[in-house]
Every structure is written in structure tokens, then in C-alpha cells.
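The residues making up each chain are set out below.
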Amino acid sequence: MTRARDFQVLIATDGSTSARAAVTSVVRFPWPPRAAASIVVARQVSADVRRSILWTALDQTSEAVAKAARRTVAKRWPDVVAQVVEAAPVDAIVEQARLRQADVIALGWRGLGAWRRLLTGSVSRGVVRHAPCSGLVVRRAIRALHHVVLGC
């Protein structure tokens, strides 16, 4: 008998408040029984920064974010893997979703407002637009799930 493919959840985090809320929500969310999760932390670094002392600080920060997310998600999925990827966040997250054959990407939404979003873009918007799967965009951590809104 053929074994059913596990449901794959990709969690994207940058360590921000909304990203931590997404991590917490994924752990609490009622996924299918055979669901599995993985974590991606994307960082985009210019060549100039790689040769500076800032690189070491950025490297340590990204690793700390990945480690903290892994610690939280391991409460539900002890074998979860957290990976730091060097690329533009939207590109890195979408590519990891393709590679891992994710069924859903979970990430936070900062809600920067129209002007900041216009100037800096929106990672959550870019991911949802280009994702090969569904997206779960979280602003605040869920305590209990009462309602779900699905958009097509």
C-alpha cells in the first residue's frame, strides 16, 4: 500500500514580533495528523557587508532567530529543521516552499502601512502572490481557533 505524503508546513521567520506570532500559531494550529514542519530564515546581504564586522553580527542574529524558532516548533515536531538562506526574503521563501513541496507557508505580517509598504515592499504580500502553495499570514498569535477565513 502506498504511504500518503505528509502535509508540509514551511515556517518563514525573521524574528520580528509578527514572525514569532506565526511560529507560535503554527504550533497551536490544528494541522492534519501526519503534518511535518520546517523553518526558513532568509537574509539578504550585499557584498560590501560580507567583508565587514556587520556580517558577523548578522550571521549570529540569523542563527539565533533560527534556533529560537526551532526550539518553539520542536515542542510539536521534535525533528524540525531550521535553515538560514542567503537570498532576498520573498525569493528564498518561495524557493524553499518549492524545494520542500510545502502545502502551506506560514509567516508574519507586520502591517507597516501603505507608505512604508510602497517604499519597502511587503514580504508577506510577495510570498502569497508567488507561492506555489497556500499561505497562512499571521499578525497576532492565536490562543484558540474559533473561525477561519479562506480566500480564493
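A brief structural summary. Small disclaimer: the values here were computed from a predicted structure and weren't measured.

What follows is about a nonpolar patch on the surface. Among the surface-exposed residues, Trp109, Val128 and Val137 lie close enough to one another that they form a single nonpolar patch of about 230 Å² accessible area. Residue class for Trp109 comes out partly exposed when judged on its relative accessible area of 32%.

This brings us to the pairing of strand 2 (residues 36-43). Of all 8 residues making up strand 2, 8 are buried, and the element is well covered by its neighbours. Of the two faces of strand 2, both are covered, the one formed by Ala36, Ser38, Val40 and Ala42 as well as the one formed by Ala37, Ile39, Val41 and Arg43. Here 5 bridges tie strand 1 (residues 8-12) to strand 2, and the two strands are oriented parallel to one another. Note on strand 2: the bridge partner recorded for Gln8 is Ala36. Read from strand 1 through helix 1 (residues 17-28) to strand 2, the crossover connection turns out right-handed. In this sheet, strand 3 (residues 81-86) lies alongside strand 2 in parallel orientation, the contact comprising 6 bridges. Among the inter-strand pairings, Val40 is bridged to a residue of strand 3, identified as Gln83.

Moving on: the packing of aromatic side chains. Taken as a whole and assessed by the stated rule, the structure comprises 2 aromatic pairs. Residues Phe29 and Trp31 carry aromatic rings whose centres are separated by 4.4 Å and whose planes lie at 40 degrees to one another, so their mutual orientation is tilted.

It is worth spelling out a positive patch on the surface at this point. Together, Arg28, Lys67, Arg71, Lys75 and Arg143 make up a region of like positive charge exposed at the surface. Note that Arg28 resides in helix 1. By relative accessible area, which is 47% here, Arg28 ends up partly exposed.

Bringing the environment of Pro78 into the picture now. By the element assignment, Pro78 lies in the loop between helix 3 (53-73) and strand 3. A sequence separation of 42 residues divides Pro78 from Ala36, and the C-alpha atoms of the two residues are 9.8 Å apart.

Turning our eyes to something else, we now look at the pairing of strand 4 (residues 104-108). Regular strands have side chains that alternate between both faces of the sheet. Most of strand 4 sits out of view: 5 of its 5 residues are buried. Across the two faces of strand 4 the burial is the same, with Val104, Ala106 and Gly108 and Ile105 and Leu107 all buried. Alignment of strand 1 against strand 4, held across 3 bridges, turns out to be parallel. Paired with Ile11 across the strands is Ala106, a residue of strand 4. In this structure, strand 4 lies alongside strand 5 (residues 134-138), joined through 5 bridges in parallel fashion. By the bridge assignment, Leu107 is partnered in strand 5 with Val137.

Rules and cut-offs
Residues numbered from 1 in each chain as written. Predicted model: local features only at pLDDT ≥ 70, side-chain atom pairs only at ≥ 80, totals over all residues. Heavy atoms only, no water. Patch = residues over 30% accessible without salt bridge, like charges linked within 9 Å, V, L, I, M, F, W, Y side chains within 5 Å. Areas by Shrake-Rupley, 256 points an atom, 1.4 Å probe, with all protein chains shown as cover. Salt bridge = Lys/Arg side-chain N within 4 Å of Asp/Glu carboxyl O. Buried < 20%, exposed > 50% of the residue type's maximum accessible area, 1.4 Å probe, protein only. Helix = DSSP H or I, 4+ residues; strand = E, 2+ residues; numbered from the N terminus. Pairing = 2+ DSSP bridges. Right-handed = clockwise from strand over helix to strand, strands pointing away. Phe/Tyr/Trp six-rings, centres within 6.5 Å; stacked < 30°, edge-to-face > 60°. Lys, Arg positive; Asp, Glu negative; His and termini not counted. Charge placed at Lys NZ, Arg CZ, Asp CG, Glu CD.

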